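Observations on the model geometry
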Amino acid sequence: MPPRASTVAEGVDNVFYFIYYLSVFFFVVIVALMVVFAVKYRKRSEGQRSSPIKGHLGLELLWSVVPAFLLVAIFLWGFFGFMDLSVPPDDALDIRVTAQQWSWNFSYPRDGINSPDLVVPAGRPVKLTMSSNDVIHSFFVPDFRVKRDVLPNRYTVLWFEAIEPGEHNIFCTEYCGTSHAQMLAKVKVLDAAAYQEWIQTGGGQFAGDMPMHEIGKSIFTKRGCIACHSVDGTRLIGPSLKGVYGHEVQLADGSTVKADDNYLRESIMDPATRIVTGYQPVMPTYRGMLADKEVDALIEYVKSLAGTEAAAGTGEH
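Reference entry: report on the structure contained in this document.

So, how was this worked out
- Residues numbered from 1 in each chain as written.
- Predicted model: local features only at pLDDT ≥ 70, side-chain atom pairs only at ≥ 80, totals over all residues.
- Heavy atoms only, no water.
- Helix = DSSP H or I, 4+ residues; strand = E, 2+ residues; numbered from the N terminus.
- Rg over C-alpha atoms; globule rule 2.2 N^0.38 Å.
- Buried < 20%, exposed > 50% of the residue type's maximum accessible area, 1.4 Å probe, protein only.
- Contact = heavy atoms within 4.5 Å.
- Areas by Shrake-Rupley, 256 points an atom, 1.4 Å probe, with all protein chains shown as cover.
- Lys, Arg positive; Asp, Glu negative; His and termini not counted.
- Charge placed at Lys NZ, Arg CZ, Asp CG, Glu CD.
- Phe/Tyr/Trp six-rings, centres within 6.5 Å; stacked < 30°, edge-to-face > 60°.
- Lys NZ or Arg CZ within 6 Å of the ring centre and 35° of its normal.
- Pairing = 2+ DSSP bridges.
- Axes fitted to C-alpha atoms, helices over the stretch in contact; angles between N-to-C directions.
- Parallel < 35°, antiparallel > 145°, perpendicular 65-115°, else oblique.
- Nonpolar A, V, L, I, M, F, W, Y, C, P; charged D, E, K, R; others polar.
- Salt bridge = Lys/Arg side-chain N within 4 Å of Asp/Glu carboxyl O.

Moving on, we get to the overall build of the chain. What the chain contains, in helices and strands, is six helices and twelve strands. Relative to the compact-globule value of 20 Å for 317 residues, the chain shows a C-alpha radius of gyration of 28 Å, a clear excess of over 25%. C-alpha extents for the chain along the principal axes are approximately 90 × 55 × 30 Å. Here the chain, with 317 residues, has 37% of them falling under the buried criterion. Once local pairs closer than 6 in sequence are excluded, the contacts in the chain between residues at least 24 apart make up 65%. Entry remark: accessible area of the chain is about 18,200 Å², with carbon and sulfur atoms responsible for 59%. For the chain, the distance from the average position of its 28 positive side-chain charges to the average position of its 34 negative side-chain charges is 12 Å.

Counting across every chain of the model gives 15 aromatic pairs. Note on Phe-37 and Tyr-41: the rings are 6.0 Å apart at their centroids and 50° apart in plane angle, and the pair reads as tilted. Classification of Phe-37 as partly exposed rests on a relative accessible area of 44%. Classification of Tyr-41 as exposed rests on a relative accessible area of 58%. Its end group placed over the ring of Tyr-155, Arg-96 keeps NZ or CZ at 5.3 Å from the ring centre. Geometry around Tyr-279 places Arg-235 over its ring, the cationic atom sitting 4.4 Å from the centre.

Let us now look at helix H5 (residues 261–269). Considered for burial, the residues of H5 that qualify are Tyr-263, Leu-264, Ser-267, Ile-268 and Met-269. In this structure, the buried side of H5 is in contact with strand S11 (248–250), strand S12 (256–258) and helix H6 (292–304).

In this section: the sheet that holds strand S4 (residues 118–121). In sheet architecture, strand pairing relies on hydrogen bonds along the backbone and comes in two forms, parallel and antiparallel. Pairing within the open sheet is mixed, and its five strands lie in the order S4-S10-S9-S6-S7. Where the open sheet ends on each side, the last strands, each with one partner, are S4 and strand S7 (146–150). Strand-to-strand twist of the sheet, defined as the mean angle between neighbouring strand axes without regard to direction, takes the value 20°.

Bringing the sheet that holds strand S1 (residues 93–100) into the picture now. Ordered by their spatial adjacency, five strands build an open sheet running S3-S2-S1-S5-S8, and the pairing between neighbours is mixed. Both edges of this open sheet fall to strand S3 (113–115) and strand S8 (156–161), since each of them pairs with a single strand only. Looking at each pair of strands side by side, their axes are set apart by 25° on average, direction ignored. Relative to S3, strand S2 (residues 103–108) runs antiparallel, the two being bridged by three bridges. Bridge pairing in S3 links Tyr-108 to Ile-113.

A few words on the packing of helix H4 (residues 212–222) against H6. Close contact between H4 and H6 brings their axes to 7 Å; oriented N to C, the two are set at 100°. Considered as vectors, H4 and H6 are oriented roughly perpendicular to each other. When H4 is examined against H6, the residues Met-212, His-213, Ile-215, Gly-216, Lys-217, Ile-219 and Phe-220 are found in contact with a partner set consisting of Lys-293, Glu-294, Asp-296, Ala-297, Leu-298, Glu-300, Tyr-301 and Ser-304. Tallied by class, residues from the contact of H4 with H6 come to seven nonpolar, three polar and five charged.

Evaluation of the coordinates by the stated rule reveals nine salt bridges. Note that Asp-261 and Lys-303 form a salt bridge whose closest N and O atoms lie 3.2 Å from each other. Of the two residues, Asp-261 sits in helix H5 while Lys-303 sits in helix H6, which places them 42 residues apart along the sequence. The exposure class of Asp-261 is partly exposed, given its relative accessible area of 29%. Relative accessible area serves as the criterion here: at 25%, Lys-303 is assigned to the partly exposed category. Put simply, Arg-265 and Asp-292 hold a salt bridge, and the shortest N to O gap is 3.1 Å. Of the two residues, Arg-265 is situated in helix H5 and Asp-292 in helix H6; the sequence distance between them amounts to 27 residues. Residue Asp-292 is classed as partly exposed on the basis of its relative accessible area, which comes to 49%. When salt bridges that share partners are traced, they join Arg-4, Asp-13 and Arg-145 into one network.

This is the structure we're talking about:
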């Protein structure tokens, strides 16, 4: 089992190990009895007939009542644990989670921050209100022992409290399409002071003097854009961005458009408006998931790729 990193992990592990060792115990007992009886009551000579089978009230009560008590105990243990996980504390930090093919977005309504990673303070309950923009996903943090489906047109709620600062993996555990395996993110647990600094710098993305195109490159990677758009001309689900900026793009309706700032912004916010020839309109919108500064940084990153040989106008960009 992975390390326990939340306050609820121990309770989940206790139920798991109880069921696990109980299953091992009964497996050993049943297999051992099968072997003993097979040897003891084996056929010893030709014409030997088996003894008649008679009922035994004591044995029948034993193998009926004991499993019934065990099943009720496991059900109640799991039920009360499930209820604890379903009711967040009143003072929990509220964070919105949006899932879409194939990325996660975490919004902090109180502070106006959007982040591709879940950043939380240690030692404080966190409530996640989750929804999906397209298909069914499932939010899973193994180190926290929390998992909940994320559905379109419906909110699901999950909460946890991280024990100490650290970094943990987030997976989608519901198959959601071609790049399902790349729908990854991180939970970054900070101490109270570091978390406040992260909030005050707008999520840390625009702290320091990092060039805009480098910020855009970081966003491009964290948001999972690289799963569909290559930067070296390789054909993926979406057009490659190599050399596309400033060139004519051939569209599916037969027209062309110049890949300038406005076209790139429209492609991020309303990707279904103009479809590049040779590609399917599968890109989700990032409207409401990216701040204006983040969109600007992404455009600057695409500009930085324009120095290479353009493939624009051929349908391969």
